[in-house]
Amino acid sequence: KQEVTQIPAALSVPEGENLVLNCSFTDSAIYNLQWFRQDPGKGLTSLLLIQSSQREQTSGRLNASLDKSSGRSTLYIAASQPGDSATYLCAVRRPSNTGNQFYFGTGTSLTVIP
Amino acid sequence: DVKVTQSSRYLVKRTGEKVFLECVQDMDHENMFWYRQDPGLGLRLIYFSYDVKMKEKGDIPEGYSVSREKKERFSLILESASTNQTSMYLCASSFYRGRNTEAFFGQGTRLTVV
């Protein structure tokens, strides 16, 4: 079964710092990997989707990389802002004949201090 | 914009009641998913559906059933609600294959069973 791990569980940084969130997975046979943001008490908002054939994706101050062979992905956030404070989750999608199930990490809780 | 809409943000039900959680998506997605999210346990898959009237059990289906009579609607049913089903419930949808298999989530339903 696919295991997805996110380290650290919590991270606190001063405003303006660049930071990296880590995601690792045990089975490299993935369909894609997706990064989400979750604010307290809310649903998940999609940030970036990386197909298994891609190495990275960028959106504004966010850059996500994927190294499928080593089972790792990183989410880089440039020039962090207090509004970036949230929990960040990664999910890998396993190919199947039906639903292409997602496997989620337990998330990294990020606090950006003004 | 893709929209995944869950019928309620907050719900309070009594033990033993039959509870219906509704989810509607407007993007013609084949796949729809129901998760529950609990502190320290992350997101756990309850059921998913890959087509109308088609469903598969996830990791924790006990005490739940689902219905997908139309492509845009996926319902989660708690046959006889119990206090250990108090949780945040999240619905998601996506295409099954192709480049655009990004998953989209609803805003979540916080269910309390008393």
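This structure is a prediction, so every number in the text was calculated from the model and none was measured. (Residues numbered from 1 in each chain as written. Chains lettered and ligands numbered in written order. Predicted model: local features only at pLDDT ≥ 70, side-chain atom pairs only at ≥ 80, totals over all residues. Heavy atoms only, no water.)

**Section: the interface of chain B and chain A**
Between chain B and chain A, the contact holds 27 residues from the first and 25 residues from the second. Summing both sides of the interface, chain B and chain A together bury roughly 2,100 Å²; the carbon and sulfur share of this comes to 49%. Inspection of the chain B/chain A interface yields zero salt bridges. Inspection of the region where chain B meets chain A yields nine residue pairs in polar contact (both at pLDDT 80 or more). (Contact = heavy atoms within 4.5 Å. Buried area = accessible area lost by both parts, 1.4 Å probe. Salt bridge = Lys/Arg side-chain N within 4 Å of Asp/Glu carboxyl O. Polar contact = N/O pair within 3.5 Å; in protein donor to acceptor, adjacent residues only side chain to side chain.)

**Here we look at the packing of aromatic side chains**
Scanning all chains against the criterion turns up 10 aromatic pairs over all chains. The interplanar angle of 70° and the centroid separation of 5.3 Å between the aromatic rings of Phe102(A) and Phe33(B) together place this pair among those described as edge-to-face. Taken together, the positions of Phe102(A) in strand 10 (residues 102-104) and Phe33(B) in strand 4 (residues 31-38) put the pair across two chains. Pair check on accessibility: Phe102(A) and Phe33(B) agree, each one buried. Centre to centre, the rings of Phe104(A) and Tyr35(B) are 5.3 Å apart; their planes meet at 85°, and the pair counts as edge-to-face. In this pair, Phe104(A) sits in strand 10 while Tyr35(B) sits in strand 4, so the two residues belong to two different chains. Here Phe104(A) matches Tyr35(B) in class, with each residue buried. Joined through ring pairs, the aromatic side chains of Phe36(A), Phe102(A), Phe104(A), Phe33(B), Tyr35(B), Phe48(B) and Phe105(B) make up one cluster. (Phe/Tyr/Trp six-rings, centres within 6.5 Å; stacked < 30°, edge-to-face > 60°. Helix = DSSP H or I, 4+ residues; strand = E, 2+ residues; numbered from the N terminus. Buried < 20%, exposed > 50% of the residue type's maximum accessible area, 1.4 Å probe, protein only.)

**Notes on the sheet that holds strand 1 (residues 4-6) of chain B**
All names here are of chain B. As summarised here, the arrangement of the four strands in space is 1-3-8-7, forming an open sheet in which the pairing is antiparallel. Two strands in the sheet have a free side with no partner beyond their single neighbour: strand 1 and strand 7 (64-70). Averaged over all adjacent pairs, the angle separating strand axes in this sheet is 20°, with direction ignored. Two elements, strand 3 (residues 19-25) and strand 8 (residues 73-78), share six bridges in a ladder whose sense is antiparallel. Bridge pairing in strand 8 places Val 24 opposite Arg 73. (Pairing = 2+ DSSP bridges. Axes fitted to C-alpha atoms, helices over the stretch in contact; angles between N-to-C directions.)

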